[in-house]
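Structure assessment
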Amino acid sequence: MKNGRRLFFPQDFTSNSEPPLFSMASPVITPSPIIETHGPGLVGVFLNILLYGTQIVQTFTYFENYTKDPLWMKCFVGILFLADTLNTMFSAGWIFKLMIIEFGNIVAYINADWLLSADPAMGGLIACSCQMFFAWRIYVLTKNKIIAGFVACLALCVAVGGVGIGIGLGLQPDLTNIDHFKPWVYTWLLPGLVGDITITITMTYFLRSRSSGFKRTETILRRLVRLTIQNCLVTTLCAAGDLISYLTTPKGYHIGFSFPIPKLYSNAVLTSLNSRQKLKNMGSDWENANTMSSGSGNDLESNGGRYTTGGPRIQPEVYNLSTTQQKVFVETTVVTDAKSDHDNTTKYAL
């Protein structure tokens, strides 16, 4: 015994006898039983912390480069970063408490504490907020209330399921019997999967349908399609791995999938917001090249990166891809006298 607490020896959980300190017999190495139950959780926490580092860089980049974004969007990014910071602190605190403070205490390994219960709750809320953002983007770009509302409803289900699991773990912390959480797991992960797939298909279809045949336009559209697929693919695969491992094995593999999910959602949102700078540069180069080569007799002058040709002034804010009468805004240039409520909203959607 040590400080009143029995040390954790995998070969004997129930015996009251103390293990000998020294033995002449050859030691029998028995694999630790927590390798399959808590090992994946440890890996998941490592991935969570790694992705949090990426999110710090992404958040700094956003506030550094997009000072003109609407206040609500800045608040959204700030709240998202705060929520993910708390999520990382709770995850790291759980694994530290388990592996260091409670080392050798088998009760701590088979019962969830509030730190572990907070993970699905915060994960569900973070995923909900990110999917709500993508639902807003779908509505702004497509004006399709049905699809946007469908994604928003799925996002709310994700939040309800995640919070439900957190509350359930608080009321019934026994980790040896988690079958009674299945309804909440379905409510948490299945709507998230369907929502991610819906977002990917809708955005990809919308962007591909705006093909104009112009090389520069096609290049930007291909980048947007690839970015959309990449953002949702990793999150979808991780959520699918979480659900499949939970349903097919009693081991703790699903815990390893659940910890990185909030960071994958947050990084997907920040990646889509920060990619606008590169698209802006592409669109500005194309606009400047066309302006320089359109020698129609109009005066061409440079004004701090803005060019005028006797017509409306071009500002490097939102890039306007036109196909006949339809427009796709890619955040690089916008004509100042062509502003409407829809234009001002759409400029932040891609």
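Let me begin by describing the structure that accompanies this report. Bear in mind the structure is a predicted one, so any value in this text is a computation, not a measurement. (Residues numbered from 1 in each chain as written. Predicted model: local features only at pLDDT ≥ 70, side-chain atom pairs only at ≥ 80, totals over all residues. Heavy atoms only, no water.)

**Observations regarding the overall build of the chain**
Counting its regular elements, the chain contains eleven helices and six strands. With 350 residues in all, the chain has 46% of them scored as buried. Considering only intrachain contacts with a sequence separation of at least 6, the fraction spanning at least 24 residues in the chain is 68%. (Helix = DSSP H or I, 4+ residues; strand = E, 2+ residues; numbered from the N terminus. Buried < 20%, exposed > 50% of the residue type's maximum accessible area, 1.4 Å probe, protein only. Contact = heavy atoms within 4.5 Å.)

**Digging into the packing of helix α1 (residues 39-65) against helix α2 (residues 71-101)**
At a minimum axis distance of 10 Å, the contact between α1 and α2 shows a crossing angle of 155°. In terms of their interaxial angle, α1 and α2 are classed as roughly antiparallel. α2 is crossed by α1, and the crossing has left-handed handedness. Its residues assigned to classes, the contact of α1 with α2 shows 14 nonpolar, eight polar and two charged. (Axes fitted to C-alpha atoms, helices over the stretch in contact; angles between N-to-C directions. Parallel < 35°, antiparallel > 145°, perpendicular 65-115°, else oblique. Left-handed = near helix turned anticlockwise from the far one by under 90°. Nonpolar A, V, L, I, M, F, W, Y, C, P; charged D, E, K, R; others polar.)

**Digging into a nonpolar patch on the surface**
Residues I229, L233, V234 and L237 make up a contiguous nonpolar surface patch of about 350 Å² in total accessible area. With respect to the helices and strands, the residue I229 is situated in helix α7 (residues 215-248). (Patch = residues over 30% accessible without salt bridge, like charges linked within 9 Å, V, L, I, M, F, W, Y side chains within 5 Å. Areas by Shrake-Rupley, 256 points an atom, 1.4 Å probe, with all protein chains shown as cover. Salt bridge = Lys/Arg side-chain N within 4 Å of Asp/Glu carboxyl O.)

**Let's talk about the packing of aromatic side chains**
One pass over the full model with this rule turns up nine aromatic pairs. Pairing Y62 with F63 gives two aromatic rings, centres 5.2 Å apart and planes at 80°, and the pair type is edge-to-face. Measuring from ring centre to ring centre gives 5.1 Å for W72 and W136, while their planes differ by 75°; the resulting arrangement is edge-to-face. One end of the pair, W72, is in helix α2; the other, W136, is in helix α4 (residues 114-142), with 64 residues separating them in the sequence. Take W72: its relative accessible area is 44%, and that puts it in the partly exposed class. The class of W136 is partly exposed, set by a relative accessible area of 22%. (Phe/Tyr/Trp six-rings, centres within 6.5 Å; stacked < 30°, edge-to-face > 60°.)

**Here we look at the environment of L80**
One can find L80 in helix α2. Expressed as a C-alpha distance, the spacing of L80 and L270, which sit 190 residues apart in the sequence, is 9.8 Å. Beyond its immediate chain neighbours, meaning those up to four positions away, L80 contacts Q55, I126, S129, C130, S266 and V269.

**Section: the pattern of salt bridges**
Within this structure, the stated rule accounts for three salt bridges. Close ionic contact of D69 with R276 constitutes a salt bridge, the shortest N to O distance being 2.7 Å. Placement of D69 in the loop between α1 and α2 and of R276 in helix α10 (residues 276-293) is noted, with a sequence separation of 207 residues between them. Residue D69 is classed as buried on the basis of its relative accessible area of 8%. For R276, a relative accessible area of 1% gives the class buried. Between K263 and D84 there is a salt bridge, and its shortest N-O distance comes to 3.4 Å. One end of the pair, K263, is in helix α9 (residues 261-274); the other, D84, is in helix α2, with 179 residues separating them in the sequence. Summarising the burial analysis for this pair, K263 and D84 share the class buried.

**Brief notes about the layout of surface pockets**
The gaps left among the atoms become clear once a water-sized probe is rolled over them. As a volume, the largest pocket reaches approximately 790 Å³. Forming the boundary of the largest pocket are 34 residues, of which L175, I178, G252, H254 and I255 lie nearest the centre. Of all the secondary-structure elements, those providing two or more residues to the lining of the largest pocket are α3 (106-110), α4, α5 (145-171), α6 (182-209), α7 and α8 (253-258). In terms of residue class, the lining of the largest pocket is built from 21 nonpolar, eight polar and five charged. (1 Å grid on protein atoms, 1.4 Å probe; cavity = no way out; pocket = protein on both sides within 12 Å on 5 of 7 lines; lining within 4 Å. Points joined across faces, edges and corners; volume = space filled by probe spheres on them.)

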